[in-house]
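Report on the structure
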Amino acid sequence: MSVGTLGQPVGLAPQTGASARAKYVVEDRLTAGYIGIGMTALAVGILIGILQGLEHAGFNFYPMLAPALKSYYQGLTIHGVLNALVWTTFFIVGFFTMTVTRSLERPLRYPAVGIAGFVVMTLGLILTAIPLLGDTATVLYTFYPPLMADAKFYIGLTLVVVGSWIGGWSFYFTYWAWKKDNPGVKTPFIALSSLITMVLWQICTIGVAAEILFLLLPAVFNWIPGVDPLLGRTLFWFTGHPLVYFWLLPAYVSWYGMVPKQAGGKIFSENLARLVFWLFLLLSTPLGFHHQYTDPGIPAAWKFIHAVLTFGVAFPSLLTAFTVAASLETGGRARGGKGWFGWIRKLPWGDPSFTAQNFAMILFAFGGISGITNASYNMNLAVHNTTWIPGHFHLTVGSATTLTFFGIAYWLVPKLSGRRLFSRRLALGQAWTWLFGMILFGNGFHLLGLHFGAPRRTMLGSTPYADAAWNPMIMEMLFGVFLLTISAILFFVVMLGTVLASRKLREPVEMPVAEALDADAHTPDWLNNWKPWLDGAFALILVGYGPMLFQLIRDMELIWPMLRVW
Ligand code: HAS
């Protein structure tokens, strides 16, 4: 018998016990390595985030922390890089190492490629950390030119991305081997959705790779006289927006493919779930100008086209809201729930893995609404560069993604360590405090930005123009930070307790895999075929970016010297 998310029985799995562990020993070690590094980065990033919240409320600890941390802006850069780029990317590649191999029921085709990816990513992270900690890369996580970081920062980040590509190739080799052995067989949903996410990532990171290799590094090394900031920003956001779907889609893999099982239900429609992932592959990339609505030099018509496409990519998330809720309903009803809403009470609220992920969904509903507001051109003019934007992304990457990853960790870490979850109660407390902490933090920051135009990325606690009218929202935000701090402490106590102090499990934990209500329904070829979606994605990128990139490169002026302004 195998055991479920927290060690309770869930029925027979295809391969259990010691043989399964032996089969996936490299994969499990890789996953553990990735998520271990991701969580360490997150711990440091969160600590610095707390300092930022305190500063906004007038408690400025930075002078006391020098020379370890020289300024708010150095801290903000470390916070953004570690939380938004490192925690996410490491967790995702580690998680996918498990989802792809377990879902295809075979280990990596070439484990050496998987290991190489891990080594390159880790070396990249170390190289990035040196200038970040040494205050020679205080350029914020968007590293807009002409701000100039130490070359090690750019090279390190490039290695992190290249390492993740190599990790992705190890999945593709495994997938091709599986396809060869299973001609004509439909790819299992969890593997397919993970692979689509990886391909999306590899397409979209071409933008930032081009920015670093052809613009920033040559300028830092003085091989070219300077940079063209607009071209740099455009290449950055070519990657920057689809990047958010690289953060979101692993959560969707779990919401569609795993959470229904944890809720005792089934995927409402697997065909629809497949369609959602293909739509993300098709639509995610040509949208970056919605981050550049206020940039001069991009004609309004192009901003309009990207605005329309942004509303297009919100559509698969709207589909997700309804289908995931319907999947949960099948679980609630299977557990005896009755009436319109009675099924909600019957959901497994005592299971922290489920509860954390459900709260992530609820928070994302609000983050999604603020995203759609951002995308609306004239509304964006009111909220751009205000605290509204961090309000938005703490509900998305900080909640939809991060809280889902916490929920996943509540079964994944027991699975990898072979030990029981340290404390179900503390883990539940973590989920609840994150829910309320983020509601307060998100609401406070959204309102502060919308009503008062309080700027983001600014030492609000020291600005001469800070207004007493801001105080209620700052206090709301600060109370949110307080709850989030408790939540983060609970998370790390549960994780460390599981690995270091928990009893050994007698049976291994299985990755939850939900069945589909429409398992017997026909899946049309186009939902199992990469070609039309990849062709469509490249065509749309060509249409959405081609002419503008051509023009920006043709008219590029490499005359702005890179600057260190701190
Ligand atoms: Fe965004 C800025 C538009 C989604 C992250 N975004 C950012 C930045 C970040 C970020 C980090 O158009 C700041 C970048 C910077 O530093 O400058 N965003 C959108 C839109 C969406 C969106 C339209 N963003 C995300 C996601 C992110 C993320 C996802 C990370 C993971 N965003 C923008 C724009 C800007 C922007 C502009 C630029 C702003 C500026 O001016 O600088 C959409 O994809 C959102 C669609 C989502 C929904 C919600 C669906 C709800 C679901 C949950 C259902 C709940 C259930 C629970 C089922 C429509 C799926 C049921 C419960 C029971 C109990 C049963």
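Residues numbered from 1 in each chain as written. Predicted model: local features only at pLDDT ≥ 70, side-chain atom pairs only at ≥ 80, totals over all residues. Heavy atoms only, no water.

**Some words on the overall build of the chain**
- Helices and strands together make up the secondary structure of the chain, namely 18 helices and 2 strands.
- Its C-alpha atoms give the chain a radius of gyration of 23 Å, near enough to 24 Å, the size a compact globule of 566 residues would have.
- Looking at the chain as a whole, 61% of its 566 residues are labelled buried.
- Counted over contacts in the chain with a minimum sequence separation of 6, partners at least 24 positions apart contribute 84%.
- Of note, the chain has its 34 positive side-chain charges centred 10 Å away from the centre of its 24 negative side-chain charges. (Helix = DSSP H or I, 4+ residues; strand = E, 2+ residues; numbered from the N terminus. Rg over C-alpha atoms; globule rule 2.2 N^0.38 Å. Buried < 20%, exposed > 50% of the residue type's maximum accessible area, 1.4 Å probe, protein only. Contact = heavy atoms within 4.5 Å. Lys, Arg positive; Asp, Glu negative; His and termini not counted. Charge placed at Lys NZ, Arg CZ, Asp CG, Glu CD.)

**Brief notes about the site of the ligand**
- The full set close to the ligand counts 36 residues, and Y141, Y245, H384, H392 and R456 are the nearest of them.
- At 2.7 Å from an oxygen atom of the ligand is found a side-chain nitrogen or oxygen belonging to Y141.
- N374 is positioned such that a nitrogen or oxygen atom in its side chain is 3.5 Å from a nitrogen atom of the ligand.
- Contributing elements (two or more residues each) for the shell around the ligand: helix 8 (229-257), helix 11 (300-334), helix 13 (352-375) and helix 15 (388-417).
- Across the shell around the ligand, the residue classes tally to 20 nonpolar, 15 polar and 1 charged. (Near = heavy atom within 4 Å. Polar contact = N/O pair within 3.5 Å; in protein donor to acceptor, adjacent residues only side chain to side chain. Nonpolar A, V, L, I, M, F, W, Y, C, P; charged D, E, K, R; others polar.)

**A short note on the nonpolar core**
- Ranked by internal contacts, the top residues of the largest apolar core, which has 174 residues, are F143, F153, Y154, Y252 and W255.
- A total of 21 residues in this core trace back to one element, the largest contributor, which is helix 7 (residues 189-220).
- For F153, the contacting residues outside a window of four places in its chain are V81, T128, P131, L132, A137, V139 and F143. (Core = buried A, V, L, I, M, F, W, Y, C linked by side-chain atoms within 4.5 Å.)

**Quick word on the environment of F479**
- Looking at the element boundaries, F479 is found in helix 17 (residues 471-501).
- A sequence separation of 72 residues divides F479 from Q551, and the C-alpha atoms of the two residues are 48 Å apart.

**Some thoughts on the packing of aromatic side chains**
- Applying the stated criterion to the full structure yields 50 aromatic pairs.
- Summarising the aromatic geometry, the rings of F189 and F277 are spaced 5.8 Å apart at their centres and angled 80° between planes, so their arrangement reads as edge-to-face. Remark: F277 occurs in helix 10 (residues 270-283) and F189 occurs in helix 7; sequence separation between them is 88 residues.
- Judged by its relative accessible area of 1%, F277 falls in the buried class.
- The interplanar angle of 20° and the centroid separation of 5.9 Å between the aromatic rings of F479 and F482 together place this pair among those described as stacked. Highlighted residues: F479 and F482, both in helix 17, separated by 3 residues, approximately one helical turn.
- You can call F479 partly exposed: its relative accessible area is 46%.
- Residue classification places F482 among the partly exposed positions, given a relative accessible area of 47%.
- In this structure an aromatic cluster arises from ring pairing among W87, F91, F95, F96, F405, F406, Y410, W434, F491 and F492.
- Over the aromatic face of Y24 sits the side chain of R102, whose NZ or CZ is 3.9 Å from the ring centroid.
- Of note, R233 hangs over the ring of Y144, and the distance from its end group to the ring centre comes to 4.2 Å. (Phe/Tyr/Trp six-rings, centres within 6.5 Å; stacked < 30°, edge-to-face > 60°. Lys NZ or Arg CZ within 6 Å of the ring centre and 35° of its normal.)

**Structural notes on the coordination of the iron atom of the ligand**
- If you check the protein contacts of the iron atom of the ligand, you find one donor only, H392 (NE2), at 2.2 Å.
- Tracing the chain through its elements places H392 in helix 15. (Donors = N, O, S within 2.8 Å, 3.2 Å for Na, K, Ca; no water.)

**Looking at the packing of helix 8 against helix 10**
- Here helix 8 crosses helix 10 at 175°, and the two axes come no closer than 12 Å. When the interaxial angle is binned, helix 8 and helix 10 end up roughly antiparallel. Each of Y245, L248, L249, Y252, V253 and Y256 in helix 8 lies in contact with helix 10, whose residues at this interface are A273, V276, F277 and F280.
- A class-by-class count of the residues in the contact of helix 8 with helix 10 yields 10 nonpolar, no polar and no charged. (Axes fitted to C-alpha atoms, helices over the stretch in contact; angles between N-to-C directions. Parallel < 35°, antiparallel > 145°, perpendicular 65-115°, else oblique.)

**So, the side chain of D518**
- The residue D518 is located in the loop between helix 17 and helix 18 (530-554) in this model.
- Here D518 occupies a buried position and makes no salt bridge, while the nearest side chain of opposite charge, K186, is found at 6.9 Å.
- Beyond its immediate chain neighbours, meaning those up to four positions away, D518 contacts F268, S269, E270 and N271. (Salt bridge = Lys/Arg side-chain N within 4 Å of Asp/Glu carboxyl O.)

**With respect to the environment of M361**
- With respect to the helices, strands and loops of the structure, M361 is situated in helix 13.
- Classification of M361 by relative accessible area gives buried; the value is 13%.

**Examining a positive patch on the surface**
- Together, R420, R424, R503 and R506 give the surface a local cluster of positive charge.
- As for its placement among the helices and strands, R424 is situated in helix 16 (residues 424-452). (Patch = residues over 30% accessible without salt bridge, like charges linked within 9 Å, V, L, I, M, F, W, Y side chains within 5 Å. Areas by Shrake-Rupley, 256 points an atom, 1.4 Å probe, with all protein chains shown as cover.)

**Regarding unusual backbone geometry**
- Put simply, A66 and P67 share a cis peptide bond, and its omega is 5°.
- In this fold, P67 is placed in the loop between helix 3 (62-65) and helix 4 (72-104).
- One non-glycine residue, F143, lies in the positive phi region at around 30°.
- One non-glycine residue, N385, lies in the positive phi region at around 60°.
- If you trace the backbone, N385 turns up in the loop between helix 14 (377-383) and helix 15.

**Focus on the pattern of salt bridges**
- Taken as a whole, this structure holds 9 salt bridges when the rule is applied.
- Where D28 meets R102, a salt bridge forms, and the shortest distance between an N and an O atom there is 3.1 Å. Placement of D28 in helix 2 (residues 25-56) and of R102 in helix 4 is noted, with a sequence separation of 74 residues between them.
- The buried category is assigned to D28, whose relative accessible area is 13%.
- Put simply, E515 and K266 hold a salt bridge, and the shortest N to O gap is 3.5 Å. One end of the pair, E515, is in the loop between helix 17 and helix 18; the other, K266, is in the loop between helix 9 (259-262) and helix 10, with 249 residues separating them in the sequence.
- In this structure E515 comes out as exposed when scored by relative accessible area, which is 53%.
- Exposure remark for K266: the relative accessible area of 32% places this residue in the partly exposed category.

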